[in-house]
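# Architecture and fold: a report
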Amino acid sequence: MKGLKRHSLLLIYMCIIISLCGCSSSSASDRKVKCEKILESRYGKEFTVSKIYGGDYSGVYYGEAYPNDNPNLVFSFRNNMNGESAESWSDEYIQRLKVEDYREDFNEKLDKYGKDYYVKITVYNNKDLGINENYKEFDIFFCIYVSSSWLDFSNDELWGIYSQIAEEYQNYHLCFVNNKDLQSIKEEMESSDDLSQALKSELEEKYSHTYNHGEEKQGAVIVTKDDKAKFINKMEEIRKNEELSE
(Lines give C-alpha, C1' and ligand atoms only; values in the text may rest on other atoms or scores of the structure.)
Protein backbone atom coordinates (compact mmCIF):
# COMPACT_ATOMS: atom_id res chain seq x y z
CA MET A 1 0.00 0.00 0.00
CA LYS A 2 2.80 2.39 0.96
CA GLY A 3 4.61 1.48 -2.24
CA LEU A 4 1.49 2.31 -4.26
CA LYS A 5 1.23 5.71 -2.58
CA ARG A 6 4.85 6.47 -3.25
CA HIS A 7 4.36 5.44 -6.87
CA SER A 8 1.29 7.66 -7.19
CA LEU A 9 3.11 10.64 -5.65
CA LEU A 10 6.02 10.13 -8.03
CA LEU A 11 3.64 10.15 -11.01
CA ILE A 12 2.02 13.36 -9.74
CA TYR A 13 5.42 15.06 -9.34
CA MET A 14 6.45 13.98 -12.84
CA CYS A 15 3.23 15.36 -14.32
CA ILE A 16 3.79 18.68 -12.55
CA ILE A 17 7.39 18.92 -13.81
CA ILE A 18 6.35 18.04 -17.37
CA SER A 19 3.55 20.60 -17.19
CA LEU A 20 5.89 23.31 -15.95
CA CYS A 21 8.47 22.53 -18.62
CA GLY A 22 5.78 22.67 -21.27
CA CYS A 23 4.62 26.07 -20.02
CA SER A 24 8.16 27.39 -19.92
CA SER A 25 8.84 26.18 -23.46
CA SER A 26 5.57 27.67 -24.70
CA SER A 27 6.32 30.95 -22.94
CA ALA A 28 9.80 31.15 -24.49
CA SER A 29 8.32 30.39 -27.90
CA ASP A 30 5.71 33.13 -27.46
CA ARG A 31 8.38 35.64 -26.45
CA LYS A 32 10.47 34.68 -29.47
CA VAL A 33 7.56 35.31 -31.85
CA LYS A 34 6.72 38.58 -30.08
CA CYS A 35 10.30 39.85 -30.40
CA GLU A 36 10.44 38.95 -34.08
CA LYS A 37 7.22 40.89 -34.67
CA ILE A 38 8.55 43.92 -32.78
CA LEU A 39 11.72 43.93 -34.87
CA GLU A 40 9.76 43.57 -38.10
CA SER A 41 7.50 46.49 -37.16
CA ARG A 42 10.52 48.67 -36.27
CA TYR A 43 12.65 47.98 -39.33
CA GLY A 44 10.27 46.75 -42.03
CA LYS A 45 11.94 43.39 -42.62
CA GLU A 46 11.86 39.87 -41.16
CA PHE A 47 14.14 38.80 -38.30
CA THR A 48 14.95 35.55 -36.53
CA VAL A 49 15.53 35.45 -32.79
CA SER A 50 18.36 32.97 -32.30
CA LYS A 51 18.70 33.21 -28.51
CA ILE A 52 16.32 34.35 -25.78
CA TYR A 53 16.77 34.35 -22.01
CA GLY A 54 15.01 35.48 -18.86
CA GLY A 55 11.43 36.58 -18.51
CA ASP A 56 10.06 33.90 -16.20
CA TYR A 57 10.92 35.61 -12.93
CA SER A 58 12.92 38.76 -13.65
CA GLY A 59 10.27 40.54 -15.68
CA VAL A 60 12.90 41.23 -18.34
CA TYR A 61 14.01 39.12 -21.27
CA TYR A 62 16.88 39.58 -23.66
CA GLY A 63 18.64 37.73 -26.42
CA GLU A 64 20.15 37.82 -29.89
CA ALA A 65 18.63 38.12 -33.35
CA TYR A 66 19.58 38.64 -36.97
CA PRO A 67 17.83 39.88 -40.13
CA ASN A 68 16.79 37.02 -42.38
CA ASP A 69 18.56 38.60 -45.34
CA ASN A 70 21.87 38.72 -43.43
CA PRO A 71 22.27 35.90 -40.86
CA ASN A 72 25.84 37.01 -40.05
CA LEU A 73 24.67 40.35 -38.68
CA VAL A 74 23.83 39.20 -35.14
CA PHE A 75 22.79 41.83 -32.58
CA SER A 76 21.42 41.90 -29.05
CA PHE A 77 18.03 43.12 -27.80
CA ARG A 78 16.26 43.63 -24.47
CA ASN A 79 12.60 44.03 -23.49
CA ASN A 80 10.45 43.91 -20.38
CA MET A 81 7.43 41.59 -20.41
CA ASN A 82 4.75 44.25 -20.21
CA GLY A 83 5.26 46.53 -23.14
CA GLU A 84 6.58 47.32 -26.57
CA SER A 85 7.20 51.06 -26.14
CA ALA A 86 10.55 52.75 -26.68
CA GLU A 87 11.02 52.73 -22.92
CA SER A 88 10.61 48.96 -22.67
CA TRP A 89 12.53 47.86 -25.76
CA SER A 90 16.10 48.38 -26.94
CA ASP A 91 18.23 46.68 -29.57
CA GLU A 92 21.60 47.18 -31.28
CA TYR A 93 20.57 46.56 -34.88
CA ILE A 94 21.40 50.10 -36.03
CA GLN A 95 24.77 49.98 -34.24
CA ARG A 96 25.64 46.71 -35.98
CA LEU A 97 24.65 48.16 -39.34
CA LYS A 98 26.90 51.12 -38.72
CA VAL A 99 29.79 48.88 -37.66
CA GLU A 100 29.52 46.99 -40.95
CA ASP A 101 29.44 50.25 -42.91
CA TYR A 102 32.62 51.46 -41.21
CA ARG A 103 34.33 48.08 -41.50
CA GLU A 104 33.75 48.08 -45.25
CA ASP A 105 35.24 51.57 -45.44
CA PHE A 106 38.32 50.59 -43.43
CA ASN A 107 38.81 47.45 -45.50
CA GLU A 108 38.81 49.57 -48.65
CA LYS A 109 41.42 51.90 -47.15
CA LEU A 110 43.73 49.21 -45.69
CA ASP A 111 43.48 46.09 -47.85
CA LYS A 112 45.48 47.74 -50.63
CA TYR A 113 48.63 47.66 -48.45
CA GLY A 114 48.66 43.85 -48.29
CA LYS A 115 49.33 43.69 -44.54
CA ASP A 116 47.40 41.94 -41.79
CA TYR A 117 45.13 43.96 -39.49
CA TYR A 118 41.86 43.96 -37.54
CA VAL A 119 39.61 46.96 -36.93
CA LYS A 120 37.72 46.83 -33.63
CA ILE A 121 34.74 49.19 -33.80
CA THR A 122 32.74 50.18 -30.74
CA VAL A 123 29.50 52.13 -31.11
CA TYR A 124 27.87 53.94 -28.21
CA ASN A 125 24.59 55.83 -28.22
CA ASN A 126 22.55 57.50 -25.50
CA LYS A 127 19.13 56.78 -26.96
CA ASP A 128 17.46 54.10 -29.02
CA LEU A 129 17.26 55.13 -32.68
CA GLY A 130 15.01 54.10 -35.53
CA ILE A 131 16.54 53.01 -38.81
CA ASN A 132 15.99 56.35 -40.55
CA GLU A 133 17.41 58.54 -37.79
CA ASN A 134 20.76 60.27 -37.82
CA TYR A 135 23.93 58.21 -37.27
CA LYS A 136 25.53 61.31 -35.73
CA GLU A 137 23.76 60.41 -32.47
CA PHE A 138 26.38 57.68 -32.06
CA ASP A 139 29.79 57.93 -30.43
CA ILE A 140 32.12 55.62 -32.33
CA PHE A 141 35.60 54.49 -31.31
CA PHE A 142 38.01 52.64 -33.60
CA CYS A 143 41.03 50.56 -32.65
CA ILE A 144 43.10 49.41 -35.62
CA TYR A 145 45.28 46.46 -34.57
CA VAL A 146 48.07 45.99 -37.11
CA SER A 147 50.64 43.21 -37.33
CA SER A 148 54.34 43.90 -36.98
CA SER A 149 54.63 43.43 -40.77
CA TRP A 150 53.43 47.03 -41.09
CA LEU A 151 56.81 48.06 -39.70
CA ASP A 152 58.20 47.19 -43.14
CA PHE A 153 56.94 50.63 -44.10
CA SER A 154 59.06 53.64 -43.21
CA ASN A 155 57.87 56.08 -40.58
CA ASP A 156 57.06 58.60 -43.30
CA GLU A 157 54.95 56.03 -45.15
CA LEU A 158 53.14 55.05 -41.96
CA TRP A 159 52.51 58.72 -41.19
CA GLY A 160 50.90 59.09 -44.61
CA ILE A 161 48.56 56.16 -43.90
CA TYR A 162 47.80 57.31 -40.37
CA SER A 163 47.13 60.96 -41.15
CA GLN A 164 44.92 60.08 -44.12
CA ILE A 165 42.64 58.03 -41.86
CA ALA A 166 42.78 60.69 -39.14
CA GLU A 167 41.38 63.22 -41.61
CA GLU A 168 38.12 61.30 -41.53
CA TYR A 169 38.11 59.47 -38.20
CA GLN A 170 39.03 61.33 -35.04
CA ASN A 171 38.35 58.70 -32.36
CA TYR A 172 40.79 56.00 -33.31
CA HIS A 173 44.17 54.63 -32.42
CA LEU A 174 46.66 52.45 -34.22
CA CYS A 175 47.98 49.52 -32.18
CA PHE A 176 51.01 47.48 -33.28
CA VAL A 177 50.99 43.87 -32.07
CA ASN A 178 52.87 40.75 -33.09
CA ASN A 179 51.29 38.23 -35.48
CA LYS A 180 50.35 35.78 -32.73
CA ASP A 181 48.51 38.41 -30.70
CA LEU A 182 46.72 39.69 -33.78
CA GLN A 183 45.34 36.21 -34.44
CA SER A 184 44.21 35.98 -30.80
CA ILE A 185 42.38 39.29 -31.22
CA LYS A 186 40.66 38.07 -34.38
CA GLU A 187 39.62 34.77 -32.80
CA GLU A 188 38.10 36.42 -29.74
CA MET A 189 36.25 39.02 -31.78
CA GLU A 190 34.67 36.29 -33.92
CA SER A 191 32.58 35.14 -30.95
CA SER A 192 32.24 38.31 -28.88
CA ASP A 193 31.74 42.06 -29.21
CA ASP A 194 34.77 42.80 -27.03
CA LEU A 195 38.11 41.35 -26.01
CA SER A 196 38.35 39.35 -22.82
CA GLN A 197 39.88 41.06 -19.82
CA ALA A 198 42.67 38.48 -19.86
CA LEU A 199 43.73 39.41 -23.40
CA LYS A 200 43.37 43.13 -22.69
CA SER A 201 45.69 42.76 -19.69
CA GLU A 202 48.18 40.76 -21.74
CA LEU A 203 48.26 43.39 -24.49
CA GLU A 204 48.64 46.16 -21.95
CA GLU A 205 51.56 44.39 -20.30
CA LYS A 206 53.37 43.62 -23.56
CA TYR A 207 53.13 46.85 -25.45
CA SER A 208 54.09 50.44 -24.81
CA HIS A 209 51.62 53.14 -23.74
CA THR A 210 50.79 56.52 -25.11
CA TYR A 211 48.40 59.31 -24.17
CA ASN A 212 45.49 61.05 -25.85
CA HIS A 213 43.64 63.85 -24.10
CA GLY A 214 44.96 62.63 -20.76
CA GLU A 215 43.72 59.05 -21.19
CA GLU A 216 46.18 56.19 -21.28
CA LYS A 217 45.65 53.72 -24.10
CA GLN A 218 47.37 50.36 -24.49
CA GLY A 219 49.99 49.65 -27.14
CA ALA A 220 48.93 52.42 -29.45
CA VAL A 221 49.86 55.45 -31.48
CA ILE A 222 47.38 58.24 -30.81
CA VAL A 223 48.30 61.66 -32.10
CA THR A 224 46.46 64.39 -33.98
CA LYS A 225 46.72 64.41 -37.76
CA ASP A 226 48.88 67.55 -37.56
CA ASP A 227 51.51 66.21 -35.15
CA LYS A 228 53.96 64.31 -37.36
CA ALA A 229 56.91 64.79 -35.00
CA LYS A 230 55.08 63.09 -32.14
CA PHE A 231 54.06 60.27 -34.45
CA ILE A 232 57.65 59.69 -35.63
CA ASN A 233 58.95 59.69 -32.05
CA LYS A 234 56.31 57.18 -31.03
CA MET A 235 57.12 54.92 -33.97
CA GLU A 236 60.80 54.85 -33.00
CA GLU A 237 59.73 53.77 -29.51
CA ILE A 238 57.46 51.07 -30.91
CA ARG A 239 60.17 49.65 -33.20
CA LYS A 240 62.30 48.92 -30.12
CA ASN A 241 59.61 46.73 -28.57
CA GLU A 242 60.98 43.17 -28.59
CA GLU A 243 57.51 41.67 -28.25
CA LEU A 244 56.74 42.69 -31.84
CA SER A 245 59.31 40.24 -33.23
CA GLU A 246 57.49 37.15 -31.92
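Refer to the structure above for everything that follows.
From a predicted model like this one, the values you see are computed outputs, not experimental measurements. (Residues numbered from 1 in each chain as written. Predicted model: local features only at pLDDT ≥ 70, side-chain atom pairs only at ≥ 80, totals over all residues. Heavy atoms only, no water.)

The number of helices and strands found in the protein chain is six helices and ten strands. Nonlocal contacts in the protein chain, meaning residues at least 24 apart in sequence, comprise 56% of its contacts between residues at least 6 apart. With the model as given, the accessible surface of the protein chain reaches about 14700 Å², and the carbon-plus-sulfur share is 49%. (Helix = DSSP H or I, 4+ residues; strand = E, 2+ residues; numbered from the N terminus. Contact = heavy atoms within 4.5 Å. Areas by Shrake-Rupley, 256 points an atom, 1.4 Å probe, with all protein chains shown as cover.)

Contact pair helix H4 (residues 179-191) / helix H5 (residues 197-206): the axes reach a minimum separation of 11 Å and the direction vectors enclose 155°. Comparing their axes, H5 and H4 come out roughly antiparallel. Seen from above, H4 lies across H5 with left-handed handedness. In this structure, H4 contributes Asp181, Ser184, Ile185 and Glu188 to the contact, and H5 contributes Leu199, Glu202, Leu203 and Lys206. Looking at the contact of H4 with H5, its residues break down into three nonpolar, one polar and four charged. (Axes fitted to C-alpha atoms, helices over the stretch in contact; angles between N-to-C directions. Parallel < 35°, antiparallel > 145°, perpendicular 65-115°, else oblique. Left-handed = near helix turned anticlockwise from the far one by under 90°. Nonpolar A, V, L, I, M, F, W, Y, C, P; charged D, E, K, R; others polar.)

Glancing now at the nonpolar core. Counting 41 residues, the largest nonpolar core has Leu110, Ile144, Tyr145, Trp150, Phe176 and Ile185 as the members making the most contacts within it. Looking at this core, the elements that each hand over two or more residues are helix H2 (93-110), strand E5 (117-125), strand E6 (138-147), helix H3 (155-168), strand E7 (172-177), H4, H5 and helix H6 (228-239). Every residue in contact with Leu110, bar those within four places of it in the chain, is listed here: Tyr117, Val119, Ile144, Trp150, Ile161 and Ile165. Formed by 15 residues, the second largest nonpolar core is a distinct cluster that contains Tyr43, Phe47, Tyr61 and Leu73. (Core = buried A, V, L, I, M, F, W, Y, C linked by side-chain atoms within 4.5 Å. Buried < 20%, exposed > 50% of the residue type's maximum accessible area, 1.4 Å probe, protein only.)

Turning our attention to the packing of aromatic side chains. In this structure the tally under the stated criterion is 15 aromatic pairs. For the ring pair Phe77 and Trp89, a centre distance of 5.4 Å and an interplane angle of 5° mean the geometry is stacked. Of this pair, Phe77 sits in strand E3 (residues 75-80) while Trp89 is found in strand E4 (residues 89-91), placing the two residues twelve residues apart along the sequence. When sorted by exposure, Phe77 lands in the same class as Trp89, which is buried. Ring plane angle 55° and centroid distance 5.9 Å describe the contact between Trp150 and Phe153, whose orientation is recorded as tilted. (Phe/Tyr/Trp six-rings, centres within 6.5 Å; stacked < 30°, edge-to-face > 60°.)

Nothing here speaks to function; it is all geometry.
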